[in-house]
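# Structure assessment
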Amino acid sequence: MVHPPVKKSRFMSAPAWMARYVIRVIALALLLFMTLHSLRTQIKTGDNRSLPSTSSFQSTSILSNFEEVNAGLPPSRKAYWGDYDDDGDLDILLLGGPEGNAVTSSRIYNNTAGAFSDIGDSLPRGDQAEWGDFDNDGDLDIVIGGPTQPNNLNCFTTILRNDSGNFNAINASLLGVQGLVSWVDYDNDEDLDLLVSGHSPDDHTQIARLYKNTSGVFTEIPTNLPGVTYGDIAWADMENDGDLDAAISGIDNVRLTRIYRNNNGNLNLFLELEGVRSSTVAWGDYDQDGYPDLFVGGECDTAPYWVASIYRSVYGYAFVNIHAPLAGISNGAAEWGDFNFDGYLDLAYSGGQLGGAKNLYIYYNDFGTFPPTPQSLSGLWYSSTEWGDFDGNKSLDLLVAGTTGNSPNGNFTTKIYRNTMQRPGNVFSLTTETQMGAIKRVPDQPWYVAGANVVLTAVSTSRYQFSGWGGDILPSENTGNPITITMNSDRTITANYRRFFILHTSATNGIILKNPPLDYLEEGTAVVLTAKPDTGYLFTGWSGDVPGDSLLVNPLPVSMYSDKNIVANFTLNPNNTFLTLNAANGTISKYPNRAWHFPDEAVTLIATPSEGYLFSHWSGEISEGDSLQNPFV
């Protein structure tokens, strides 16, 4: 599942503020240093043991470690790994399109022991898609967006809910654009929100919409993010403050590459990098210093025009182009992944090149540097590129899709390349699992050499409270939170959490007493709600998340196994009486001044004549002997 990031207090003490200021100064000084010196220094975190050296791993040997798999997949515009049936292996979503030889509708292929078969669902076609569990039910849903007709016409965005392997569109009014769609929990409320950004064919404008997810209902909120076409977006917590920041590139009247910092759900422009279009961006901590770095590829305004750059993060406060010897690309896709078991993120990206060549490059990461001779597995652009272990052998394979032709609308292909490299015997994997909350590890590596120490921290939020460790943990290591473990075998560590749900209550003309009086309640908590009407009102029943046979029960017992919204309804007591007053050339004041009164209640009336008039008498439902009294009770 998608784990929520760490929440952070919005208030900061004076020492913390000063420390952050000092860090900024240090970061700027380090930025100057880095522009004048080599960037080969390896920054280690948490342990001084190194993984096996890759200095003997030559780029010329990369191709020999990848073999194309005859998977029987049809041509597609894009392809995405995702375990939609939660059986532990990676299935595939193939994105269909209206042009060329690609599948005409999007399809899902189920992975059974490395063999793929169409599950039979015919899904909408488009040009962008993502997997994500928007309703927190434990299985992956899908968002698809883009045009359904040639020439980028009839753009749409739809969310498909996964109902036990069947995908059904939900009722959500979402912007349709030629551009991008992206899941993100921007506000740290433990559910996936949605960004839609691109060109609107209806009014020919660049536009972005951020939709907040509230219990599966998506509501548009203001955003500073730009509307981009021919671009990409990627999310990461760049300064380790617990919320997700954005890197976005593409065309918004001009070519751009920008980083937006997330401050408690507010995304504000932080940094402008070299602007590119027909682009891709990807976060990855290539130097293992604990801060994600950024890859950017695309077409810029100046020579060499088609670029591929790595920007090294300086503690999340500055980004330095390391000028890695990478081949420039256009209309491609990139992803980081450690394919050769050395603990460092390697880089794969596809795309076109100036002059018409099309390639799928793999660059291995040699302790923070990238050899200048790339290898290309196949040529494609307008593409997707994703690492994933589809055959369960612990090595990262490649899934790619796109077009091999000179036009973006034809000659599509879908390919899987199996990674045949064998893991060294003294290198071990660490799998961290949790059904809720999150686990942070330092150092955060795919692999660890024998004897390496790793610090694990279970992250709690208002929704999930850590309750203990499980899995392959030794009694001597189970010392609380965080813990330090030693890697001498493959290990799976589980963080267990207590889950909390929100109980929201509301009432008009009365109140609701809640016992216990808490908004966040642990799963299974028994709560008693008591409706108390205001004076003159009666309780008429509950509405909202209340069973039909309990609508009139008061007090109401509630068991918390999901978020609930409960409303108490009240109405005026039918035994109340009403006093209707009329006056000409004057006014009538009434005490107590309300629309209804209790039976036998004493009400005082005062007649006040307008200027030039005198009060003469009362009339209506009044005895003759009281008609001249003013005030009158």
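Because the structure is predicted, anything quoted here is derived from the model rather than measured.

Moving on: the overall build of the chain. When you go through the chain residue by residue, the secondary structure sums to one helix and 44 strands. Among the 633 residues that make up the chain, the fraction classed as buried is 51%. Restricting the contact set of the chain to residue pairs at least 6 apart, pairs at least 24 apart contribute 53%. Total accessible area computed for the chain in this model is approximately 28,600 Å², and 50% of it derives from carbon and sulfur atoms.

Turning next to the sheet that holds strand S6 (residues 128–132). Read across the open sheet, the four strands follow the order S6-S7-S8-S9; overall the sheet is antiparallel. Every other strand in the sheet has two partners, leaving S6 and strand S9 (166–169) as the edge strands with one partner each. In this sheet, adjacent strand axes meet at a mean angle of 25 degrees when their direction is disregarded. The sheet contact formed by S6 and strand S7 (residues 141–149) spans five bridges and is antiparallel. If you follow Glu130 over to S7, its bridge partner there is Val143.

Attention shifts here to the sheet that holds strand S11 (residues 193–200). Sheet architecture is open: four strands sit in the order S10-S11-S12-S13, paired in antiparallel fashion. Two strands close off the open sheet at either side, each with one partner strand: strand S10 (178–184) and strand S13 (217–221). Strand-to-strand twist of the sheet, defined as the mean angle between neighbouring strand axes without regard to direction, takes the value 25 degrees.

Mean pLDDT over the chain stands at 86; residues scoring 70 or higher make up 89%. Every residue in residues 1–28 is under pLDDT 50, and counting partners more than four places away or in other chains gives 42 contacts. Predicted confidence for residues 30–59 stays below pLDDT 50, and this span has 72 contacts to residues more than four positions away or in other chains.

Another point: the environment of Lys532. Here Lys532 shows up in strand S37 (residues 526–533). Overall, Lys532 belongs to the partly exposed group, its relative accessible area being 41%. Counting along the chain gives 19 residues from Lys532 to Leu513, while the straight-line C-alpha distance between them is 7.5 Å. Ignoring anything within four residues of it in the chain, the contact list for Lys532 reads Gly510, Ile511, Leu513 and Phe570.

Once that is clear, we can look at the side chain of Thr280. On the secondary structure map, Thr280 appears in strand S17 (residues 266–284). Residue classification places Thr280 among the buried residues on the basis of a relative accessible area of 2%. In this structure the side chain of Thr280 is engaged in a polar contact, spanning 3.2 Å, whose partner is the backbone nitrogen of Ala334.

Okay, the packing of aromatic side chains next. Taken as a whole and judged by the stated rule, the model has 28 aromatic pairs. Centre to centre, the rings of Trp183 and Phe218 are 6.3 Å apart; their planes meet at 45 degrees, and the pair counts as tilted. Here the residue Trp183 occupies a position in strand S10, and Phe218 occupies one in strand S13, the gap between them amounting to 35 residues. Across the pair, exposure class does not vary: Trp183 and Phe218 are buried alike. Through pairs of rings, three or more aromatic residues link up here, namely Phe295, Tyr349, Tyr361 and Tyr363. A cation over a ring is seen here: Arg277 above Tyr230, with NZ or CZ 4.8 Å from the ring centre. If you follow Lys358 out to its NZ or CZ, it ends over the ring of Trp381, 5.6 Å from the centre.

Right, let's talk about the pairing of strand S28 (residues 427–433) for a bit. Both S28 and strand S30 (residues 447–449) contribute to a ladder of three bridges, which runs antiparallel. Looking across to S30, one finds that Val427 is bridged to Val449. Pairing of S28 with strand S34 (residues 491–507), which is carried by four bridges, proceeds in the parallel orientation. Paired with Thr431 across the bridge in S34 is Thr492.

The residue Asn515 is located in strand S35 (residues 510–515) in this model. Overall, the relative accessible area of 52% leaves Asn515 in the exposed class. Along the chain, Asn515 and Leu529 lie 14 residues apart, while their C-alpha atoms are 6.6 Å from each other. Residues contacting Asn515, with those up to four places away along its chain left out, are Ala526, Val527 and Val528.

Membership of the largest hydrophobic core comes to 20 residues, with the highest contact counts inside it found for Leu430, Leu456, Trp469 and Ile485. Contributions of two or more residues to this core are made by S28, S30, strand S31 (452–459), strand S32 (464–471), strand S33 (483–487) and S34. Among the elements that line this core, the one with the most residues is S31, at four residues. The residues contacting Ile485, other than those within four sequence positions of it, are Leu430, Ala452, Asn453, Val454, Leu456, Glu477, Arg491 and Ile493.

Once that is clear, we can look at the pairing of strand S19 (residues 306–313). Of all eight residues in S19, eight are buried, a share of seventy percent or more. Burial along S19 is two-sided: the face carrying Trp306, Ala308, Ile310 and Arg312 and the face carrying Val307, Ser309, Tyr311 and Ser313 are both buried. Taken together, the six bridges between strand S18 (residues 293–299) and S19 define a ladder with antiparallel strand orientation. Counted as the bridge partner of Gly298 is Val307 from S19. The turn linking S18 back onto S19 is made up of six residues, and Tyr305 within it adopts a positive phi angle of 75 degrees.

For the coordinates displayed, the defined rule picks out 16 salt bridges. The salt bridge involving Asp187 is made with Lys212; its shortest N-O contact spans 2.5 Å. With a gap of 25 residues between them, Asp187 in the loop between S10 and S11 and Lys212 in strand S12 (residues 205–214) connect regions that are remote in the sequence. Taken together, the salt bridges that share partners define one network made up of Glu67, Asp391 and Arg418.

Conventions and cut-offs
- Residues numbered from 1 in each chain as written.
- Predicted model: local features only at pLDDT ≥ 70, side-chain atom pairs only at ≥ 80, totals over all residues.
- Heavy atoms only, no water.
- Helix = DSSP H or I, 4+ residues; strand = E, 2+ residues; numbered from the N terminus.
- Buried < 20%, exposed > 50% of the residue type's maximum accessible area, 1.4 Å probe, protein only.
- Contact = heavy atoms within 4.5 Å.
- Areas by Shrake-Rupley, 256 points an atom, 1.4 Å probe, with all protein chains shown as cover.
- Pairing = 2+ DSSP bridges.
- Axes fitted to C-alpha atoms, helices over the stretch in contact; angles between N-to-C directions.
- pLDDT = per-residue confidence, 0-100.
- Polar contact = N/O pair within 3.5 Å; in protein donor to acceptor, adjacent residues only side chain to side chain.
- Phe/Tyr/Trp six-rings, centres within 6.5 Å; stacked < 30°, edge-to-face > 60°.
- Lys NZ or Arg CZ within 6 Å of the ring centre and 35° of its normal.
- Core = buried A, V, L, I, M, F, W, Y, C linked by side-chain atoms within 4.5 Å.
- Salt bridge = Lys/Arg side-chain N within 4 Å of Asp/Glu carboxyl O.

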